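The lines below spell out each chain.
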Amino acid sequence: MYNQTEILKDTSELGTEGELVINMGPQHPATHGVLHLVVTLNGETIKKIEPHLGYIHRSIEKMCESLTYRQFIYVTSRMDYLSSHINNLGCALLIEKGIQIEVPDRAKVIRVILSELTRIASHELWLGAMAMDLGAFTPFFYAFREREMITEIMEDTCGARLTMNYIVPGGLMYDLHPDFQKKVKAFVKQFKAKVTEYEDLVTNNIIFQSRTKGVGILSAEDAISFGCTGPVARASGVSCDIRKIYPYEVYDKVSFNEILDTAGDSFARYMVRVKEMNESIHIIEQLIDNIPDGDFVGKTKNVLKLPKGEFYTRVETARGEFGVFIVSEGGTTPHRIKFRSPGFSNLSALNHMAVGSKIGDLMATMGTLDLVIPDIDR
Amino acid sequence: MMTQDEIKEYIFSIAPTVSFDETGEWLNIIVDATQLKLLMTALRTGKMQMDYLFCLTCVDVKTHLTMVYHLSATTHRQSMVIKANVSREQHSIETLCDIWRTADFLEREVFEMFGVTFLNHPDLRRLILEDDFKGFPLLKDFEDPINMIKL
Amino acid sequence: MYSLEGITKSIQDWLFLKFDPTLALAIECVIVILLAISLFAILGLVLVLMERKVAAHIQIRLGPNRVGPGGMFQTVADTLKLIMKEGLTPDKADKFLFNLAPFVVMMVGMLLLAPIAFAKNFQIWDINIGVLYISSVSSLSVIGILMAGWASNNKYSLLGAMRSGAQIVSYELSAGFAVLTIVVFTGSLQISEIVASQQTGWWLFKGHIPAVISFVLYIIAVTAETNRAPFDLAEAESELTAGFHTEYSGMRFALFFLAEYINIFIVCAIGATLFLGGWMPLHIGQWESFNHLMDYIPSSIWFMGKTFLLIFLIMWFRWTFPRLRVDQLLNLEWKYLLPISLFNLLLATVIAIFGWHF
């Protein structure tokens, strides 16, 4: 017969007196991928969280150094795979800014519509996955019902459901699918009718509210200091929507609200994302009937060369500010490329937000941070 | 809101040895590595209130390494780029994670990818690579014979 | 009229005629054991399929539909798979306790079958302290869970087991008080008498508000006691991977899985017996013809119908609610449910003393 304390000492990093160290991940149902958190516990209370990254690190930044400016765009689809279209858009914008390519209006509008569809799809998946983290399995299927419509629209137009790769420098790879407008309108109608089901199932659920309200609070100062962006920062009252502050494409021509909340807890982050979906629908409604005719791609040279210098663009993905920083030596490939991924900064705030709460709270906090691990590791 | 010249004047008053580069989109400030901490503290706490460090990275320019800090402010939204050169041999620079907490993770990433040592960093360990990894992958002279990246 | 009572009676008469009384009793025991085991197997198959179909319906999908008509043999296929799988025992686990735990949990379920009245005069053991027996035996299942969590040598298992211990011990109180309300009304601990007292109407209707309150309390408490969502903290898939049975695989895991469903069946059967009249048909006041019609439905169907209604209720909970946090779970019990059940018991006692119930 074994002595249990001896076993624990033997097989694990038993911390100091009264501490239990558990490895959450790299395989764990709540980390949604290969995030590895070393959690130090005192009973059920969290004392420290240490993220260990790199399980899906592919060194995309190094890979891009040997890819041409036409090629490297599509590697970014594999970073934040839930907003791959917006990642591609960020890279394309940088190249267009650097070489001064004129993008036709038609391409601009289509890019924005697809960006917003991507944002809704990403938030839908987040909604389902976060509810699942909190133990409710059903919202997942409801969220995926609407998400499926978006992925089908994407499949028609871009040929892919997840990694769209639809953007080329100067415009789009090919024109829209003939059914695009009809299907998007059907989706908008369906979404508006069904969004109340989320309210009934999740938002107004007393258990859900008690699990998320006052949990994982992030103050506005901390959010800025940790470099948090996107819904995480906006739930803390930090205005940081790139679409509003530094409008790109046609975002300055459409009307939409930047959703802000001041509570900074998990419920505020939830509400911000749900309201953001409605804003995205609002943007799509304004644009879907006003897609201009004309070319879908501008005139570009076959071999693109960025002038010598440094370039930076930022776009608003579903998770926050995605930045691309390129140092060019004037050749056909970038000298150095850096992706500022929103998940990386948001993750760094996790320890601060979760210390002192229970394990169950960690799921709510982590769920509402909306971490995508390939985006963090790159 | 300050004009470009006012900013330059203000920065000169803090660190007289800086030089400027205005060819890019934003004002680039090249500062000596020893004066980086002084300048950054002043930018964060002084009248500029640059509270948002949105990108921190390192560039290998073959002769030396350049630390690049992208700063912005959530109040007036003016962005600027601070650069500090570190030599390839003696690659150490002051940490900024007591000014911006996001620098903690970003500096750990630069530490393992470029080998830059951050002085006074509270927890300078590897974040992404495994503990027994040899070399600094994002340096230009890094070659990995097994996992070839170059085409 | 055809009834289970007649069959059991004729078998007993025949046995006592052929053999001497001791041997006859032994043969009866063997028959009962065989019946109990086959009931377990059938319940496992039916309830797992039912759970999956209910879940599928709530989640706007179809559920199992490939194996057999309407997916009816899905659970059979799953069981076959589980039997084929290797039952791993982790290194440095406490092997004896690790292997014993699933059987402890299972045995508790088997013991609880004894006093349940499945139909009119169809009961394994009509012990005169039936309700007390049920409350005391059902609290034993926590030992099996603690054993599993402790012996696995896994931190997730240990955390799950500790949660489960705290949870089951707390919610036992509310469940006990809820049961006690009916005991106060009936004045008896014997299951057959409790059922008989509902001849004129079920306690849920006869017992005024205290009975309704205690019914609600009972359903909440037993949901927690069987570790079902929203109280599935002991398993807490997204937090503790699988809680106390993280390290179990193959048939030993299947035993835990089966025990969960058996426990649900038993608590729902007890709930149906205490509050919904057990095998008693639904009678409404003076509607003679309606009451007469109801009498034609066999008592076993009445019992199973009520039990499965409650089981459906508990499944409905699982697929609708998120999980509670551990401190909220204990707050709910000690700050809300326990005071309410104490007060409710007092109210029920007053009603019973003055004979205000129907």
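Here the residue numbering is sequential within each chain, running from 1 through the sequence in written order. As a convention, the first chain written is A and the first ligand written is 1, with the rest following in written order. The predicted origin of the model limits local features to residues at a pLDDT of at least 70 and limits the giving and counting of side-chain atom pairs to 80 or more, whereas totals for whole chains, interfaces and linings rest on all residues. Derived side-chain values reflect all non-hydrogen atoms in the structure, with water molecules and hydrogen atoms excluded from consideration.

1. Description of the overall build of chain B
Only runs of H or I of at least four residues qualify as helices and only runs of E of at least two qualify as strands under DSSP, and these elements are numbered from the N terminus. Within chain B, the secondary structure is distributed over three helices and seven strands. Listed by position from the N terminus, the elements making up chain B come as α-β-β-α-β-β-β-β-α-β. Using C-alpha atoms as the atom set, the radius of gyration is obtained and then compared with a globule rule of 2.2 Å times the number of residues to the power 0.38. The C-alpha atoms of chain B give 16 Å as radius of gyration, which agrees with the globular expectation for 151 residues (15 Å, within 12%). Residue burial in chain B is summarised as follows: out of 151 residues, 54% are buried. In chain B, once contacts between residues fewer than 6 apart in sequence are set aside, the share between residues at least 24 apart is 49%. Note that accessible areas follow from Shrake-Rupley with a 1.4 Å probe, and for residues the cover is restricted to the protein chains shown. Counting every atom, chain B has about 7,100 Å² of accessible surface; 53% of that belongs to carbon and sulfur. Distance between charge centroids for chain B: 2 Å, based on 15 positive and 23 negative side chains. Only protein chains enter the accessibility calculation, which uses a 1.4 Å probe; a residue whose area is less than 20% of its type maximum is buried, one above 50% is exposed, and one in between is partly exposed. Here a residue-residue contact requires only that any non-hydrogen atoms of the pair lie within 4.5 Å. In this tally, Lys and Arg are treated as positive and Asp and Glu as negative; His is ignored, and so are the chain termini. Lys charges are placed at NZ, Arg charges at CZ, Asp charges at CG and Glu charges at CD.

2. Some remarks on the nonpolar core
Nine residue types can take part in a nonpolar core, namely buried Ala, Val, Leu, Ile, Met, Phe, Trp, Tyr and Cys, and a core is a set of them joined through side-chain atoms within 4.5 Å. Judged by nonpolar contacts, the single largest core of 96 residues is most densely connected at M40(B), L43(B), Y69(B), M80(B), I82(B) and I93(B). At seven residues, strand β3 (residues 52-60) of chain B tops the list of elements feeding residues into this core. Residue assignment places this core across two domains, with domain 1 (4-52) and domain 2 (60-377) of chain A each supplying three or more. When near neighbours in sequence (up to four residues on either side) are disregarded, Y69(B) contacts L36(B), M40(B), L53(B), C55(B), L56(B), M80(B), V81(B), I82(B), I93(B), L96(B) and F118(B). Within the second largest apolar cluster, 80 residues are counted, among which are C64(A), A92(A), Y198(A) and F339(A). Where a domain begins and ends is set by an automatic assignment or by a domain database.

3. Some details on the interface of chain C and chain A
Facing 30 residues of chain C, the contacting portion of chain A comprises 42 residues. Put simply, buried area is the surface a 1.4 Å probe can reach on two separate parts but cannot reach once they are joined, added for both. Summed over both partners, the interface of chain C with chain A comes to about 3,400 Å²; 60% of that surface belongs to carbon and sulfur atoms. Ranking the residues of chain C by area buried against chain A places K92(C), K155(C) and R325(C) at the top, with a combined share of 20%. Salt bridges are defined as contacts in which a side-chain nitrogen from Lys or Arg sits within 4 Å of a carboxyl oxygen from Asp or Glu. Connecting chain C to chain A are two salt bridges. Residue R325(C) pairs with D361(A) through a salt bridge whose shortest N-O separation is 2.6 Å. Side-chain atoms alone can form a polar contact between residues adjacent in sequence; in general such a contact is a pair of N or O atoms within 3.5 Å, and within protein one must be able to donate a hydrogen while the other accepts it. Here chain C is connected to chain A by nine residue pairs in polar contact (both at pLDDT 80 or more). Taken together, the elements giving at least two residues each to the side of chain C that touches chain A come down to α7 (155-186), α11 (237-240) and α15 (326-354) of chain C. If you tally residues by element for the side of chain C that touches chain A, the top one is α7(C), at five residues.

4. Structural notes on the packing of helix α11 (residues 266-288) of chain A against helix α14 (residues 359-369) of chain A
All names here are of chain A. The axes used here are C-alpha line fits, helices contributing only the stretch in contact, and every angle between their N-to-C directions lies in the interval 0 to 180 degrees. In the contact formed by α11 and α14, the axes pass within 9 Å of each other and the chain directions differ by 30°. Comparing their axes, α14 and α11 come out roughly parallel. The element α11 and its partner α14 pack so that their crossing is left-handed. The segment α11 lies against α14, with S266, R269, Y270 and R273 engaging A364, T365, T368 and L369. Among the residues forming the contact of α11 with α14, the class breakdown is three nonpolar, three polar and two charged. Under this scheme an angle from 65 to 115 degrees is roughly perpendicular, one under 35 degrees roughly parallel, and one over 145 degrees roughly antiparallel; angles in between are oblique. The sense of a crossing depends on the near helix, which, turned anticlockwise from the far helix by less than a right angle, makes the crossing left-handed and, turned clockwise, makes it right-handed. Only Asp, Glu, Lys and Arg are considered charged in this grouping, and only Ala, Val, Leu, Ile, Met, Phe, Trp, Tyr, Cys and Pro are considered nonpolar; every other residue, Gly among them, is considered polar.

5. Let's talk about the packing of aromatic side chains
Put simply, two rings from Phe, Tyr or Trp (the six-membered ring, in Trp's case) pair if the centres are within 6.5 Å, and we call them stacked under 30 degrees between planes, edge-to-face over 60, tilted for the rest. Within the structure shown, the criterion is met by 31 aromatic pairs over all chains. For the ring pair Y312(A) and F325(A), a centre distance of 6.3 Å and an interplane angle of 40° mean the geometry is tilted. Separated by 13 residues along the polypeptide, Y312(A) in strand β6 (residues 309-316) and F325(A) in strand β7 (residues 321-328) bring together distant segments of the chain. Residues Y312(A) and F325(A) agree in their burial class; the two are buried. Each ring, one from W26(B) and one from F54(B), has its centre 6.0 Å from the other, and the planes form 85°; the classification is edge-to-face.

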